[in-house]
Amino acid sequence: MMCEGANIRAKTQLCALVLLICFMPICQAFLPNFWSRVLTMSWDSYTHQYMTEQAVLNITIETLTKIMEDVDSEELYTGLGRGFWHAVGDVASANAAMDFLSATRSDPIYHFDSERVTGATEMLREFWSQTVLLTKSKEYQGARQRLGQLFHSLQDFYSHSNWVEMGQQAIYLHLLHPKEPAVPVASEDIPTCAECYRYSCYNNFLEQMIQQTKPLLTTGYFSSFPVKPPGKCSHGGILDSSRHQGAAGGINKDSTSPLFSPHHYLHKEAAHLATTATLRVLQDLRDEVGPKSFLRLFSVQQPPALVFVMDTTGSMFEEITAARLRALSIIQARKKSRRTSLPGTFILVPFHDPGFGPVRETDDPHEFMLYMEDLIALGGEDEPEMCLSALQLALTHCPPLSEIFVFTDASPKDPHLHGAVQALILEKQTKVNFLLTEDPSLKGRGRLLRKRKKRETLSPDRFSLYSSLSSVSGGMTIFTTKKDIHKVSAIVEDTTTSSKVTLLHVDSGLDSSKSFRLDKAVMNVKLHITGQIIHCQLISPSGSSQLVPGSDGPLVVLDSSQGLYRISLLTPLEIGIWQVVTRAIGPVTFNVLGDSSLDFLYYFAKEANETHPGLRKIDGSPIADTPVFLVVAVIGLSSNEDASFSHMTLLGPNGESVLNVLLNSSSSSWSGEELVGYIDSVPRMQFSLCLSGKDGKGNLLERVSTEMIQPTHVQMQVLSAPHLVPGHSSTVLFEVFNHGPSRQFILSAEDDYGYLSHHEKHRNRLFIAERSSVKREIELSTPHKAQIGRSITLTLTVKAEDSQDSNYAVVHLTIIPQEQDTSPPVCSALRVESVCPSLCSLGSWKVSLVAKDRGHSGLAYAQLAQGEGVLTLSHVTTTQLHEESTGVAQLPLLQSQTHTSESVEFNNSQPSGTEDEHESQRSKSIRVMSREAPVNISEWSKGKLIMMFYSSSCCFPQAELVLWDRAGNMRRCHLIASQQRALRENSAPSGTSQPLVVLMFWVHLTLCVFHELS
């Protein structure tokens, strides 16, 4: 089914999106991504995304230019490869996520807010050391995550501080280089700003803050936490509640809009310094790890990883031999055509029964061939093997966008891993191909096939899990024979070049007619058809036809084997629509590949509606029957190529058109063009994507993304993903949302190194009410001798018992060295209630807080050092979080969720009726009285969040809580009844600024009408 454009009216291009703009909130940092500029109407603002992408691109081109001589820069740009742009997307996404994740978006440490300069600087240096560690350990995905987080905080410094206003022309080197000179930070009792009652605040810094001789650093306070001392600067902007408190106004330079940035007139200066600092980090990283490791970090010009999952039981001699020969052929071809010294990644995972692994991973082709030579077909007498366990290992170790080839003649012995394997396939956008030398429809197999001791009657559909996984991934399942396995394995060479693009991928059956489009940018086209083909005819755009099998030419050459037609189109290629007509027995898969640099990447996103405007990437599968944005990045276009892309077609399982989505330019400087479309209701059925556009001469262009997207009514969101420290336990907190009717779900967790306890891995039943959610937490225990720098992949899956609704979350955790814990605990106010009449004895005030140790030691002691009230400590429950934080600004460490019901241990093997009992056990509280000795809460807190409630007479309006962690670090938390003022003012701006938001809406609507009339 072709994905040509439908008749879509141009007015949808702007008007369909304008209604989403009206009630978007203020940002607390440089705008996260391209969509933020639309939401704030600051079209010329520099975003975190733009600065990050441009810096990575510039340093990458600079590095390649030094390595490769006499290569045109335009050729370098278009040849960076799909893997590079995916890696850049990883960094940019991790950067923007700091504004969206509940654990980071409101914590001043991550944004250089509220004069938390010392803590933010320490965090920056942690990000740097972890980035270097992970890059040197070849854990590139984790390294990109840390690098993106580092960039966000670093870039925020120049927007949120007074560095620019000091007149500084250079970056602040001390942030990442401790030996460089430091500028002192203004203490809490030093006023920093003058009053400003306008949207644009000029010269509102006090003289001592910007003087050239002995300047002081400061950053703006945002919202209600931490409480802003009198005379301090605010972040500013129409939705920052602290801007009304003295000193009124603000100092942020996040955008060019005075509505959002009081110092908007210095935005470009701040962005220039932020970009320079980002470039300096990349240069330092390249110097630290070396140019080759730097290029590998960003998958520059690297072909897809070559990944073999090999059954090594006694019947697999022919398959192992075929894989060796294909690997050698690929390595030799890459050596001849290699433009850089980076041959790619090679991974081998053997399996049999009952064992699987170890993973053999290398970037040395010679070493990989030694691994292949060491494979021996030996043993294994019963039919099922540990295939999915080996495939899971391969998926956790391979880079994104890989091609995996599984050679086996046995069904899986571990079908319970199907959900985890499918989650990893979708998360990494990796294709999986199964080459099976046992066809259940064939009788009397060759004499070399082992005689199996059948423990049970073998089902004819015992390979259905393989077919399901290959279909979801966009790969193929080929049933062939040992005689033909060498010819069939040629698909390995066909699909593992860096410039391969997909023009058609569809499953079908019986009689079918499929079509695909060729354009001038495509070369070396191959068509793969799997199944038992009776008749096949190809028809060119000019009407010429050829039957296969038959004599070669005039259109194609056929390489036929059992289970596979491998068809090569002859040159010169005819441009236009080709047709393939087939008759077959049973299911058939069509796959058309060609060489081209032009391709696309995509993700689904929701508008952020917390503290930052922008589009937040959706993890896992999109939710059916709900609106969603589709963000598309077109890659491989050179600057002198004129092409436009109008729409994306959602294709059903058989290639039929389901929905056309109009694409609008984002004005982002991605690799040529970044586009955004809006789907008002995600279809319930599975679909893939087809991008349609035109080149500069009006010729149609099409590219296909082959993985099957599976909309669902259940969602998973990871709320906290800590580091792993040898000898310590770490807890991952996540939430499961049910967007459908009340029902039971099955929840499971898997990790690739066995750090989950045995009972954590078991499937657990979970009841979730209609349009509600529950929170769960799981614990991983890291061994004392765990390898520093290793990444652990935790795969969480959830599936409804009564339907196919399922979803997943993949969490990458890093083992970091156990260094001395110097980070004190933190306490965050959730809510203050103060009813204090003139006669203080007749009133009382209350405050609820959450405490946590920011280091790895855990909370140890708590003391009420000042105050005449009572402090009560209890374990955190989701219900408490929701009740205490409703209507209050989002605060560090926590985020209230609209539909939450409970938070208990992941281990829930007992009936659900006992959950209240577990909740009761965790809610046991500790009372702390004034001036008592510190109370030991070390064992009781178990390293988790704790809730604190303080109540006192209005005659004693202040209190002080002191917290210690096990390393002896101390934090004093000051409680005052007047905090209510700040919290109360948090809701005021939404009312006072509503006319401005409405005005923004009408401006956009006017533009929409003007656009339509023109």
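Residues numbered from 1 in each chain as written. Predicted model: local features only at pLDDT ≥ 70, side-chain atom pairs only at ≥ 80, totals over all residues. Heavy atoms only, no water.

### Structural notes on the overall build of the protein chain
Inference 1: Secondary structure summary: the protein chain contains 24 helices and 38 strands in total.
Inference 2: Of all intrachain contacts in the protein chain linking residues separated by at least 6 positions in sequence, the fraction that spans at least 24 positions is 75%.
Inference 3: When the accessible area of the protein chain is evaluated, it comes to approximately 39,600 Å², of which 52% is carbon and sulfur surface. (Helix = DSSP H or I, 4+ residues; strand = E, 2+ residues; numbered from the N terminus. Contact = heavy atoms within 4.5 Å. Areas by Shrake-Rupley, 256 points an atom, 1.4 Å probe, with all protein chains shown as cover.)

### Section: the nonpolar core
Inference 1: In this structure, L80, F84, L150, Y158, W163, L282 and F298 are the most contacted members of the largest nonpolar core, which totals 62 residues.
Inference 2: Mapped by element, the contributors of at least two residues to this core are α3 (48-67), α4 (73-78), α5 (82-97), α6 (117-136), α7 (140-160), α9 (267-289) and α10 (291-297).
Inference 3: If you tally residues by element for this core, the top one is α9, at nine residues.
Inference 4: Residues within four places of F298 in sequence aside, it is in contact with V56, G83, F84, A87, V91, L147 and L282. (Core = buried A, V, L, I, M, F, W, Y, C linked by side-chain atoms within 4.5 Å. Buried < 20%, exposed > 50% of the residue type's maximum accessible area, 1.4 Å probe, protein only.)

### Examining the packing of aromatic side chains
Inference 1: Applying the stated rule across the entire model yields 25 aromatic pairs.
Inference 2: Ring geometry for Y202 versus Y265: centroids 4.3 Å apart, planes at 15°, classification stacked. With Y202 in the loop between α7 and α8 (207-210) and Y265 in the loop between α8 and α9, this pair connects stretches of sequence that are 63 residues apart.
Inference 3: Relative accessible area serves as the criterion here: at 28%, Y265 is assigned to the partly exposed category.
Inference 4: Here a set of aromatic residues connected by ring pairs shows up, and it is made of F112, F157, Y158, W163 and Y172. (Phe/Tyr/Trp six-rings, centres within 6.5 Å; stacked < 30°, edge-to-face > 60°.)

### Quick notes on helix α15 (residues 464-473)
Inference 1: Residues of α15 that are buried: Y466, L469, S470, V472 and S473. Buried residues of α15, viewed axially, fall in a sector of 160°; they line one side.
Inference 2: Just downstream of α15 lies G474, where phi reads positive at about 90°. (Arc of directions from axis to C-beta.)

### Examining the sheet that holds strand β6 (residues 477-479)
Inference 1: Strand order in the open sheet made by the six strands is β3-β2-β1-β4-β5-β6, with mixed pairing throughout. Since the sheet does not close on itself, it has two edges, and those belong to β3 (360-362) and β6, each with one partner. For this sheet, the mean inter-axis angle between neighbouring strands, taken without regard to orientation, is 10°.
Inference 2: Bridge count for strand β4 (residues 403-408) against strand β5 (residues 431-436) is six bridges, and the pairing is parallel. Within β5, the residue paired with F407 across the bridge is L435.
Inference 3: Those strands touched by helix α12 (residues 365-373) are β1 (306-311), β2 (346-351) and β3, and its axis lies near 15° from that of β2.
Inference 4: Contacting β4, β5 and β6, α15 runs over the sheet at an angle of about 145° to β5. (Pairing = 2+ DSSP bridges. Axes fitted to C-alpha atoms, helices over the stretch in contact; angles between N-to-C directions.)

### Some thoughts on the environment of L285
Inference 1: Along the chain, L285 falls in helix α9.
Inference 2: With 153 residues separating them in the primary sequence, L285 and V132 have C-alpha atoms 7.1 Å apart.

### Focus: the environment of P837
Inference 1: Along the chain, P837 turns up in the loop between β29 (825-835) and β30 (844-853).
Inference 2: Assessed through its relative accessible area of 37%, P837 is described here as partly exposed.
Inference 3: Once residues lying within four places of it in the same chain are set aside, the contact partners of P837 are L842 and G843.

### Considerations on the pattern of salt bridges
Inference 1: Scanning the entire structure with this criterion turns up 25 salt bridges.
Inference 2: A salt bridge links E62 to K66; the shortest N-O distance between them is 3.8 Å. Note that E62 and K66 are positioned in helix α3 at a spacing of four residues, about one turn of the helix.
Inference 3: Classification of E62 by relative accessible area gives partly exposed; the value is 30%.
Inference 4: Across the pair R82 and D599 runs a salt bridge whose closest N-O atoms are separated by 3.3 Å. Pair noted here: R82 is in helix α5 and D599 is in strand β14 (residues 599-607), with a separation of 517 residues, a long-range link.
Inference 5: What emerges from the salt-bridge pattern is a single network uniting K487, D494, D559 and R566. (Salt bridge = Lys/Arg side-chain N within 4 Å of Asp/Glu carboxyl O.)

### Considering the packing of helix α13 (residues 387-397) against α15
Inference 1: Relative orientation of the contacting elements α13 and α15 amounts to 20°, with a least axis distance of 12 Å. By the angle between their directions, the pair α13 and α15 is classed as roughly parallel. Here α13 runs over α15; the crossing is right-handed. From α13, C387, L388 and L391 reach across to α15, where they touch L465, Y466 and L469. (Parallel < 35°, antiparallel > 145°, perpendicular 65-115°, else oblique. Left-handed = near helix turned anticlockwise from the far one by under 90°.)

### So, the state of the cysteines
Inference 1: One pass over the structure, following the stated rule, counts five disulfides.
Inference 2: Covalent S-S linkage joins C827 and C973, the inter-sulfur distance amounting to 1.9 Å. Because the torsion about its S-S bond is -120°, the bridge between C827 and C973 counts as left-handed. Here C827 is found in strand β29, whereas its partner C973 is found in strand β38 (residues 970-976), with 146 residues between them in sequence.
Inference 3: Owing to a relative accessible area of 15%, C827 belongs among the buried residues under this scheme.
Inference 4: We classify C973 as buried; its relative accessible area is 2%. (Disulfide = S-S within 2.5 Å.)

### Quick word on the sheet that holds strand β37 (residues 958-965)
Inference 1: Read from one edge to the other, the open sheet built from four strands follows the order β35-β31-β37-β38, with strand pairing classed as antiparallel. Where the open sheet ends on each side, the last strands, each with one partner, are β35 (935-936) and β38.
Inference 2: As defined by bridge partners, strand β31 (residues 859-866) adjoins β35 across two bridges and the pair is classed as antiparallel. Counterpart to Y861 in the pairing with β35 is N936.

### A word on the pairing of strand β27 (residues 791-800)
Strand residues, when the strand is regular, have side chains that alternate between the two faces of the sheet.
Inference 1: Extensive coverage of β27 is indicated by the burial of nine of its ten residues.
Inference 2: Taken together, the seven bridges between strand β24 (residues 743-751) and β27 define a ladder with antiparallel strand orientation. Bridge pairing in β27 places D751 opposite L794.
Inference 3: Sheet topology note: the β27/strand β28 (residues 806-814) ladder contains nine bridges and is antiparallel. Following the sheet pairing, L796 is matched in β28 by A809.
Inference 4: Hairpin connection between β27 and β28: a loop of five residues separates the two successive antiparallel strands.

### Let's talk about the side chain of D965
Inference 1: By the element assignment, D965 lies in strand β37.
Inference 2: For the buried D965, no salt bridge is present, and the opposite-charge side chain at shortest range is R966, 8.5 Å distant.
Inference 3: Within polar-contact distance, the side chain of D965 engages the backbone nitrogen of A967 at 3.0 Å.
Inference 4: Not counting residues within four places of it along the chain, the set of residues in contact with D965 comprises D821, S823, P824, P825, D853, S857, G858, L859 and A860. (Lys, Arg positive; Asp, Glu negative; His and termini not counted. Polar contact = N/O pair within 3.5 Å; in protein donor to acceptor, adjacent residues only side chain to side chain.)

### Focus on the confidence of the model for the protein chain
Inference 1: Counting all residues, the mean pLDDT for the protein chain is 81, and 82% of those residues have values of 70 or more.
Inference 2: Confidence over residues 4-28 falls short of pLDDT 50; this stretch has 85 contacts with residues more than four positions distant or in other chains.
Inference 3: Within the model, the stretch residues 666-672 combines pLDDT values under 50 with 30 contacts to residues more than four positions away or in other chains. (pLDDT = per-residue confidence, 0-100.)

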